[in-house]
Amino acid sequence: MTQSIVISIDAMGGDHGPSVVAPAVAHALAELPDRVCFLLHGDEAQLAPAIAHHPGAAGRVTIRHAERVIGMDEKPAQALRRSKGSSMWNAVESVREGEAAAAVSAGNTGALMAISKLILRMSADLERPALVTSIPTPHGVTTFLDVGANVDCDAERLVEFAIMGEAYHRAAHGEPRPTVGLLNVGSEEMKGHEEVREAHRVLRAGAFDLDYRGFVEGDDITKGSVDVVVTDGFTGNVALKAMEGAARFITGELRTALTSGGLATAGAFLARGALGKFRDRMNPPPAAPLLGLNGLVLKVHGGASGRDFAQALRVAADLAQSDFAAEIERNMRRLPAALADTSPEPADGAS
């Protein structure tokens, strides 16, 4: 008998809560195999009627009542103190208890990271989770990390991100041998701060089973020059927000141009199918997995639509069936020896 895959959901998190989660679950049920089921944590009085409206939910959706909800504006430390028994806490705890293969939440990002780290712990001596996202390119997508979880990163953290990002890209996007690059201000080896140059030396030494291609620059992210681009959380978050802002600007300008007159509007109507595809490509990915935990947790945008949340549930189901966490752990075991064997190069001008 085929074993069920259970996805645990914080049904109260985010800007919209059950009003988005219920239709998202219904949409995902129609697309995913029957063995994928959902465990919803939240206010049963709100969730039960919302789910009851959707055929196919019976037998595949379980609602577990939770009294507390963590607010989107709560500071992580404050949220952590009052998090036990909340919909977010219970969703993550279901993964630790083996009830679910993954947890999904659109709630407070800092609280989700703190709760996930406390409940699931880090795997393979990692210090903190990394947030990963997928950026559209002409060839598919670029896996980009870290995008905000770790502001300050030394060389060891950057190497960890490379290992995690490579395994994630293979699992999420089906690329058997993803290429990896380190984000820098130039491709020359002498450029960048010492942490990124040291990480480059470690990865270039080849102790890991990675197809490492060296330094890449900012425009390589959307070019798709490599499959995985690695950087610290400060730079990654700034780059991601800049790309999201540029996408909104382009979409807004296009909308203005296509509604500027009768002829333009008629043309937009005729091209609505192509424009819809363009919009979907420009939209930011709805979910960012937290990599490095002893369990799978996905963070969904707080303002995600039902369609976005349903896509995040599909990603969670796909990752739950992959072996990427074990791949990360296998490579992480090699990291201490690789760091010890790689000595720094002389500084510029040294004899």
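Residues numbered from 1 in each chain as written. Predicted model: local features only at pLDDT ≥ 70, side-chain atom pairs only at ≥ 80, totals over all residues. Heavy atoms only, no water.

So, the overall build of the chain
Phase 1: Helix and strand counts for the chain stand at 14 helices and 11 strands.
Phase 2: Against the compact-globule benchmark of 20 Å for 351 residues, the chain has a radius of gyration of 21 Å, which places it among compact chains.
Phase 3: Its C-alpha atoms put the chain at 75 × 60 × 45 Å along the principal axes.
Phase 4: Counting all 351 residues of the chain, 47% fall into the buried class.
Phase 5: Surface summary for the chain: the accessible area is close to 16,400 Å², and the carbon and sulfur share equals 52%.
Phase 6: Of note, the chain has its 34 positive side-chain charges centred 4 Å away from the centre of its 44 negative side-chain charges. (Helix = DSSP H or I, 4+ residues; strand = E, 2+ residues; numbered from the N terminus. Rg over C-alpha atoms; globule rule 2.2 N^0.38 Å. Buried < 20%, exposed > 50% of the residue type's maximum accessible area, 1.4 Å probe, protein only. Areas by Shrake-Rupley, 256 points an atom, 1.4 Å probe, with all protein chains shown as cover. Lys, Arg positive; Asp, Glu negative; His and termini not counted. Charge placed at Lys NZ, Arg CZ, Asp CG, Glu CD.)

A short note on the sheet that holds strand β5 (residues 130–137)
Phase 1: Ordered by their spatial adjacency, 11 strands build an open sheet running β3-β2-β1-β4-β11-β10-β5-β6-β9-β7-β8, and the pairing between neighbours is mixed. Either end of the sheet is taken by a strand with one partner, and the two such strands are β3 (61–65) and β8 (211–216). Ignoring strand direction, the axes of neighbouring strands in this sheet form an average angle of 25°.
Phase 2: Pairing geometry for strand β10 (residues 287–291) and strand β11 (residues 296–300), over four bridges, is antiparallel. Of the residues in β11, the one forming a bridge with Ala288 is Lys299.
Phase 3: Lying over the sheet, helix α5 (residues 109–120) contacts β4 (102–105), β5, β10 and β11, oriented at roughly 175° with respect to β11.
Phase 4: Contacting β7 (179–183) and β8, helix α7 (residues 194–204) runs over the sheet at an angle of about 155° to β8. (Pairing = 2+ DSSP bridges. Axes fitted to C-alpha atoms, helices over the stretch in contact; angles between N-to-C directions. Contact = heavy atoms within 4.5 Å.)

A look at the pattern of salt bridges
Phase 1: This structure, assessed with the given rule, holds 17 salt bridges.
Phase 2: For the salt bridge of Asp154 with Arg157, the shortest nitrogen-to-oxygen distance reads 3.6 Å.
Phase 3: By relative accessible area, Asp154 is classed as partly exposed at 35%.
Phase 4: Overall, Arg157 belongs to the buried group, its relative accessible area being 9%.
Phase 5: Put simply, Arg197 and Glu194 hold a salt bridge, and the shortest N to O gap is 3.0 Å. One end of the pair, Arg197, and the other, Glu194, are both in helix α7, three residues apart, so they sit about a helical turn from each other.
Phase 6: Judged by its relative accessible area of 22%, Arg197 is partly exposed.
Phase 7: Sharing partners across several salt bridges, the network here consists of Asp154, Glu156, Arg157 and Glu160. (Salt bridge = Lys/Arg side-chain N within 4 Å of Asp/Glu carboxyl O.)

Considerations on the packing of helix α6 (residues 155–173) against α7
Phase 1: Where α6 meets α7, the closest approach of the two axes is 8 Å, and the angle between their N-to-C directions is 50°. As summarised for this structure, α6 and α7 are arranged oblique, according to the angle between their axes. Between α6 and α7 lies a crossing of right-handed hand. Here α6 contributes Ala155, Leu158, Val159 and Ala162 to the contact with α7, which in turn contributes Glu195, Val196, Glu198, Ala199, Val202 and Leu203.
Phase 2: When the residues that make up the contact of α6 with α7 are grouped by side-chain class, the tally is eight nonpolar, no polar and two charged. (Parallel < 35°, antiparallel > 145°, perpendicular 65-115°, else oblique. Left-handed = near helix turned anticlockwise from the far one by under 90°. Nonpolar A, V, L, I, M, F, W, Y, C, P; charged D, E, K, R; others polar.)

Quick notes on a nonpolar patch on the surface
Phase 1: Among the surface-exposed residues, Val151, Phe234 and Val238 lie close enough to one another that they form a single nonpolar patch of about 290 Å² accessible area.
Phase 2: In this structure, Val238 sits in helix α9 (residues 233–258). (Patch = residues over 30% accessible without salt bridge, like charges linked within 9 Å, V, L, I, M, F, W, Y side chains within 5 Å.)

Describing the packing of helix α1 (residues 18–31) against helix α12 (residues 306–320)
Phase 1: One can describe the packing of α1 onto α12 by two numbers: an axis separation of 8 Å at closest approach and a directional angle of 50°. Of the possible angle classes, the one that applies to α1 and α12 is oblique. Note that α1 runs across α12; the crossing there is right-handed. Residues Val20, Val21, Ala24, Val25, His27, Ala28 and Glu31 of α1 lie in contact with α12, whose contacting residues are Gly306, Phe309, Ala310, Leu313 and Arg314.
Phase 2: Residues of the contact of α1 with α12, tallied by class, amount to eight nonpolar, two polar and two charged.

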